[in-house]
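# Survey of secondary and tertiary structure
Here is how the chains run, residue by residue.
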Amino acid sequence: MPEISDNILFAPIREQASQIKERKLSPVELTKAYLDRLDRYGEKLGAVVTITRELALRQAKEAEQEILMGNYRGLLHGIPYGAKDLLATKGIPTTWGAEPYRNQKFDYDATVVAKLRAAGAILVAKLAMVELAGAFGYGKADASFTGPGRTPWNLDYWSGGSSAGSGAATAAGLVSFAIGSETSGSIITPAAYCGIAGLRPTYGRVSRYGAMALCWTMDKLGPMARSADCCGIVLAAIAGKDPNDASSLSKPFSFPEPEEKKKYKMGILKNSTANIQKEVRQNFEESLKVLGQFCEFVEDLELPKLPFGSVVGTIVNAEGAAAFRDLLESGKVKELRAANDKWGGYAGLLLPAVDYLDAMRWRGPMKREMDKLYAPFDAIVSPARGTVALPIDRDFSRAYPGTGGGTAIIPAGNAVGQPALSIPNGFGLNDLPTGIQFTGRAWSEARLIAIAHAYQERTDWHKKRPPFPGKG
Amino acid sequence: MSPNHDSDARPALHRRDFAQAALLAGIAAAAAASRASADDPKPEEKITLAKAVEAVVRQRFGEHLTEDQIKSVVQRAQGRFSSRPKQETSLKNSDEPAFMFQADI
């Protein structure tokens, strides 16, 4: 077998899989190549907690033998990946990114990890994350016991949170794909800041069993990868009903869509580019020109005038405080890294029960109004974030004065459990990547992927490679 | 969670929030009274929402927090107590919380 080139390491899953199936690419050699990069670059990116070398090599050898014997399981067979370190992995530390849990181990695998193993994927690393997935309002990039996650496009800038390592490791070619999680923005943001694809599935699409709970009614697990198509391949493997997670459902996920539509109907929100960085706006407008080749637009849509931000805040604060009540009441929370995280959770413990219940009551009307808005469209498109990646050395509130995060589409979509997909669409300030986001009705992931895939067939932003680490 | 979420307006104290504040104020007043008993008598101190919240924070978590952190917690919690946004539409009695208890295992 020839040496593994960067072209292979950065290739999309479908291409790697094709070579593996045809026995032109060894899963063992591919795994060794990613392990080597994780060793060399993972720490510099603040992207890695644990490299699972022994397990990975064992799984890779098994995959290789099976494939040689003609037992090819499918597109993920022999493909190395990393898991955000909030997913339980039997016998391997699962730290939740937080000092108080750095020696924590579970004796079982999260359902997502078990499903990927069944599909033949190879776990090469547990990836860094913002401590406790940002439960207590961290406010700066240095909020993990492994240090800040850094985007490989410029190491002075954050890779986004809370799936910081999943974004950075995928973008830098340290894994073929990764699993991230989102409660409100934690997949979409690092996907945008790292120039990769990130898919937040519909709430209930993917089992949460074995994942750290920040917010039971809003946490979602999803793929982060080189392209929309890669996300679809991974989602197909991890989706489905799980008896261990009562919120999971067995809704069909038909990927790819049986028939590609010739023309998609796309909504654009009023003010979706208000108060955002100039370059982000320009890239969004350029993207609309490309999308215009196969989409018809309806502009000036408005989100329902409902309290999405405060509802999400109330629910996350209440459920987060309950989930980590022992950490707060024991005072061990002061071992967390970010200054805000040492005290931010206590206010959640004082939240009146009726406020939480009312926030949960709002979710019904919100679902109905959002679905009414989305029903006529295949998707609504917006900038993924209002700015490029934030600088590591500044509090978030002081990073880009005068610019905001864009519309309330991230909290709105998360409040109602809708899916979203972010893909890269250019570069902005300091040559950092920007992203475009497609959101849709519940269970419309395949449609979002089809639209994003059609965009990526006409552009090459997803094929760009970051300057770090350079030629491997 | 990612940073910079868009937030909604934070309007004035709502009736139910007032009740909550009053409850807290009661706790704070009791705490103040017990503290004051051994001190020189002072003019009756007005119990503000901030003082009420601070008393609860000190009582429940004070041992784990610095003075600055206590101030921050009070500020955040106080914001919550007065954060019920006024909406163009409001909840109806029939709007149930978006979760369901199921008796079967």
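Residues numbered from 1 in each chain as written. Chains lettered and ligands numbered in written order. Predicted model: local features only at pLDDT ≥ 70, side-chain atom pairs only at ≥ 80, totals over all residues.

## Focus: the pairing of strand 9 (residues 379–383) of chain A
Residues and elements named next belong to chain A. Among the five residues of strand 9, five are classified as buried, and the element is accordingly described as predominantly covered. Two elements, strand 7 (residues 264–269) and strand 9, share three bridges in a ladder whose sense is parallel. Bridge pairing in strand 9 places Met 266 opposite Ala 379. Across four bridges, the pairing between strand 9 and strand 11 (residues 433–439) is antiparallel. Looking at strand 11, one finds that Pro 383 is bridged to Ile 436. (Buried ≥ 20, exposed ≤ 12 C-beta atoms within 10 Å, placed from the backbone. Helix = DSSP H or I, 4+ residues; strand = E, 2+ residues; numbered from the N terminus. Pairing = 2+ DSSP bridges.)

## What about the interface of chain B and chain A?
Of the residues lining the interface, 32 residues belong to chain B; the matching set on chain A comes to 43 residues. Listing elements by their share of the side of chain B that touches chain A, those giving two or more residues are helix 1 (15–36), helix 2 (49–61) and helix 3 (67–81) of chain B. Top contributing element to the side of chain B that touches chain A by residue count: helix 3 of chain B, with six residues. Split by residue class, the side of chain B that touches chain A holds 13 nonpolar, 10 polar and nine charged. (Contact = placed C-beta atoms within 7 Å. Nonpolar A, V, L, I, M, F, W, Y, C, P; charged D, E, K, R; others polar.)

## Thoughts on the sheet that holds strand 3 (residues 122–127) of chain A
All names here are of chain A. Spatially, 1-3-2-4-6-5-10-11-9-7-8 is the arrangement adopted by the 11 strands of the open sheet, whose pairing is mixed. Edge positions in the open sheet fall to strand 1 (48–51) and strand 8 (295–301), since each of these has one partner strand only. Taken over all neighbouring pairs, the strand axes of this sheet differ in orientation by 30° on average, direction set aside. Two elements, strand 1 and strand 3, share three bridges in a ladder whose sense is antiparallel. Paired with Thr 50 across the two strands is Lys 126, which belongs to strand 3. Packing of helix 6 (residues 164–171) onto the sheet brings it into contact with strand 1, strand 2 (80–84), strand 3, strand 4 (177–182) and strand 6 (220–225), and relative to strand 4 it is tilted by some 155°. Its contacts with the sheet place helix 9 (residues 278–291) against strand 7, strand 8, strand 9, strand 10 (420–427) and strand 11, and it is angled at close to 50° to strand 11. (Axes fitted to C-alpha atoms, helices over the stretch in contact; angles between N-to-C directions.)

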